[in-house]
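Coordinates in review
What follows is the residue order along each chain.
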Amino acid sequence: MEVLRVHGPVRLEGSVEVRGAKNSVLKLMAAALLAPGRSVITNVPAILDVSIMARLLERLGCDVDYDSRAGVVSIDVPERTDIQADYQLVRAMRASISVLGPLIGRMRSAKVALPGGDAIGSRGLDLHAAGLRALGADVHLDHGYFVAEAPDGLHGADISLAFPSVGATENLVMASVLADGRTVIDNAAKEPEIVDICSMLVSMGAKIDGIGTARLVIDGVDSLRPVEHSCVPDRIVGGTWAYAAAITAGDVEVVGVTRDLFPNVLDKLEAAGASISDTERGLRVIGPERPRSVNISTLPFPGFPTDLQPFAIALNAVADGVGVVTENLFEARWRFVHELARLGANIAIDGNHALITGTAELTGAEVEASDIRAGAGLVLAGLVASGTTEVAGVDHIDRGYEFFAEKLRALGAHVERDAVPEMLDFS
């Protein structure tokens, strides 16, 4: 396996570019299934998940060209695609479930293996199933596959989501754009990535009102056309670099992002003592000599993103004071805390609350990433820990961050990537 060795402490300084959002581009690639022909997506990050989604679309019959350096994905969609997404690929990435909506919408049938992905807690597909049934699909599970069928096509419906699920909103929007009649989705997710996919669908010829609000109104059309679309910048990656600057008392320009992507995030950083200013290319974040503790609760957009929770904990771990981080979305994200404690962090867990008492110094240790953000969070903690921190599970980080080690080195970090032997099995 591969590890990242981080030698600290260090102060980050310089500029770092942020490209398209992982949580958007994968869904944009799935949306291309709705229109036969060649769709092109630009501002695409060079991350592992894009390669996985490209392979999945190829298995469905598409021709996919992914130029990771240029940040361009071209997808040639045939008149008829396959309708089955196999477990071998779906297991690696939960976003694979996003092909469900386009397949049932255009091909009237979909068979998608139950997804895998990050180990951050239970994320059922009940909202997807209920919404598709309201649209007229027959939905059931069959030997580990989520099967949806609508031989006569889907029809418009009024759908009220019990929770503003991003994945359910995306799948139901993509399923309904070709449905017969009007669909109304209440309590829809409002994340910038939802706005991005709706914008692409409108460019393809879909009729969607209420974009960016909790009420989406979709009037079905007969067909869509392929388009070229630029992916929205990755607010989670941008937030990661902003936190990296704050944690390391650094001075970093985060290129390619704007303030509107970060409601409730920049305010918390400023409360911790960071200075944030707009630049011609993005945002400049200057960290304090030592951050102040802050209280944070994760919520759906525009609340504080759950994907930035590990970085808030890492900041509080070295801050002056005591901070409380409340996780309202994914219970298994606390696995990160146990690894961070190996570096000397003082954290107590009580239900969905983490009580973090800041310490002036962390010390390097061997740790392991359990998901994308946990891996990046451990690296950020390693930047301010004395000695060497060895982060295993680099493949998790590769799924969400492009050239992570290279960009850290460009900012002055002492980071190296290395292959190490697998642990011996003494069973």
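Residues numbered from 1 in each chain as written. Predicted model: local features only at pLDDT ≥ 70, side-chain atom pairs only at ≥ 80, totals over all residues. Heavy atoms only, no water.

Section: the overall build of the protein
As a reminder, the rule being used: What counts as a helix is a DSSP run of H or I of at least four residues, what counts as a strand is a run of E of at least two, and both are numbered from the N terminus. Radius of gyration means the value over C-alpha atoms here, while the globule rule gives 2.2 Å times the residue count to the 0.38 power. The rule is simple: take the accessible area with a 1.4 Å probe, protein chains only, and divide by the maximum for that residue type; under 20% is buried, over 50% is exposed, in between is partly exposed. Two residues qualify as a contact provided that any one of their heavy atoms is within 4.5 Å of a heavy atom in the partner residue. What sets the accessible areas is the Shrake-Rupley method with a 1.4 Å probe; for residues, cover comes only from the shown protein chains.
In terms of helices and strands, the protein carries 14 helices and 25 strands. The globule rule puts the C-alpha radius of gyration for 427 residues at 22 Å, and the 22 Å found for the protein is close to it. For the protein, the spread of C-alpha atoms along the three principal axes comes to 65 × 50 × 40 Å. Residues classed as buried in the protein amount to 58% of the 427 residues present. For the protein, the share of sequence-separated contacts (at least 6 apart) that also reach a separation of at least 24 residues comes to 74%. A total of about 16,400 Å² of accessible surface is found on the protein, and carbon and sulfur atoms cover 47% of it.

Observations regarding the domain arrangement of the protein
Let me state the cut-off plainly: Where each domain begins and ends is defined by an automated method or by a domain database.
According to the domain assignment, the protein contains domain 1 (2-18 + 233-419) and domain 2 (22-230). Each of domain 1 and domain 2 has a C-alpha centre, and these two points are 30 Å apart.

Notes on the sheet that holds strand 4 (residues 63-67)
Counted only if it meets this: A pair of strands is considered paired only if DSSP assigns at least 2 bridges between the two. A fitted line through C-alpha atoms serves as each axis, taken over the contacting stretch for helices, and the angle formed by two N-to-C directions is quoted from 0 to 180°.
Here 4 strands make up an open sheet; going across it, the order is 4-5-3-14 and the pairing mixed. With one partner strand each, in any of the chains shown, strand 4 and strand 14 (228-230) form the two edges of the open sheet. Direction aside, the axes of adjacent strands within the sheet are offset by 15 degrees on average. Two elements, strand 3 (residues 37-42) and strand 5 (residues 72-77), share 6 bridges in a ladder whose sense is antiparallel. The residue bridging Gly37 from the neighbouring strand is Val77, located in strand 5. Against the sheet, helix 1 (residues 22-31) touches strand 3, strand 5 and strand 14, its axis set at about 170 degrees to strand 3. Each of strand 4 and strand 5 is contacted by helix 2 (residues 48-59), which is oriented at about 165 degrees to strand 4, the strand it contacts most.

Regarding the pairing of strand 5
Inspection of the sheet shows strand 4 paired to strand 5 by 5 bridges, in the antiparallel sense. Across the sheet, Asp67 pairs through a bridge with Val72, a residue of strand 5. Linking strand 4 to strand 5, which pair antiparallel, is a turn of 4 residues; within it Gly71 sits at a positive phi near 75 degrees.

Let's talk about the pattern of salt bridges
Rule in force here: Salt bridges, as used here, are contacts in which a Lys or Arg side-chain nitrogen is within 4 Å of a carboxyl oxygen on Asp or Glu.
Under the definition given, this model contains 18 salt bridges. Here Arg284 ties to Asp251 by a salt bridge, and the two come within 2.6 Å at their closest N and O atoms. Here Arg284, found in strand 17 (residues 282-286), pairs with Asp251, found in strand 15 (residues 251-255); they are 33 residues apart in sequence, far enough to count as distant. With a relative accessible area of 36%, Arg284 lands in the partly exposed category.

Details of the UniProt feature "binding site: UDP-N-acetyl-alpha-D-glucosamine" (unreviewed entry) in the protein
The line we're drawing: UniProt positions are given in the numbering used here, feature names are shortened, and annotations may be inferred rather than shown by experiment.
Those residues carrying the UniProt feature "binding site: UDP-N-acetyl-alpha-D-glucosamine" (unreviewed entry) are Arg94, Asp307 and Leu329 in this numbering. Mapping Arg94 onto the fold places it in the loop between helix 3 (87-90) and helix 4 (100-107). Among the residues examined, Arg94 registers a relative accessible area of 18% and is labelled buried. Tracing the backbone shows Asp307 in the loop between strand 18 (296-297) and helix 10 (309-317).

Considering the side chain of Glu253
Going by this rule: Polar contact is defined as a pair of N or O atoms within 3.5 Å, subject to the rule that within protein one atom must be able to donate a hydrogen and the other to accept it, and that residues adjacent in sequence are counted only when both atoms are side-chain atoms.
Note on placement: Glu253 falls in strand 15. Residue classification places Glu253 among the buried positions, given a relative accessible area of 16%. Among the polar contacts made by the side chain of Glu253, one reaches the side chain of Thr279 at a distance of 2.8 Å. Setting aside residues no more than four positions away along its own chain, Glu253 makes contact with Gly14, Ser15, Val16, Thr279, Arg281, Gly282, Leu283 and Arg284.

Focus on the environment of Glu366
Residue placement: Glu366 occurs in strand 23 (residues 366-368). Measuring from C-alpha to C-alpha, the distance between Glu366 and Ala405 comes to 17 Å, with 39 residues separating the pair along the chain. If sequence neighbours within four positions are ignored, Glu366 has contacts with Arg342 and Glu390.

Concerning the environment of His128
Tracing the backbone through its elements, the reader meets His128 in helix 5 (residues 126-134). Separated by 37 residues in sequence, His128 and Ser165 have C-alpha atoms that sit 9.1 Å apart. Excluding anything up to four places from it in sequence, His128 contacts Gly167, Ala168, Asn171 and Leu172.

Quick look at the sheet that holds strand 2 (residues 13-17)
Sheet architecture is open: 4 strands sit in the order 2-15-17-16, paired in mixed fashion. A strand with exactly one partner marks an edge of an open sheet, and here the two such strands are strand 2 and strand 16 (275-278). Averaged over all neighbouring strand pairs, the angle between strand axes comes to 20 degrees, with direction disregarded. In the packing of helix 8 (residues 235-247) onto the sheet, the strands contacted are strand 2, strand 15 and strand 17, and the crossing angle to strand 15 comes to about 170 degrees.

Re unusual backbone geometry
Geometrically, the link from Gly8 to Pro9 is a cis peptide bond, its omega value of 0 degrees lying close to zero. Of note, His143 is a non-glycine position whose phi angle comes to about 50 degrees, a positive value. Positioned with a positive phi, Phe403 is a non-glycine residue whose angle comes to about 50 degrees.

Some points on the pairing of strand 15
Burial within strand 15 is extensive, with 5 of its 5 residues counted as buried. Here strand 15 shows a buried face lined by Asp251, Glu253 and Val255 and a second buried face lined by Val252 and Val254. As paired strands, strand 2 and strand 15 are joined by 5 bridges and run parallel to one another. Its bridge partner lying in strand 15, Gly14 is registered against Val252. Examined bridge by bridge, strand 15 and strand 17 share 5 bridges and lie antiparallel to one another. Looking at strand 17, one finds that Val254 is bridged to Leu283.

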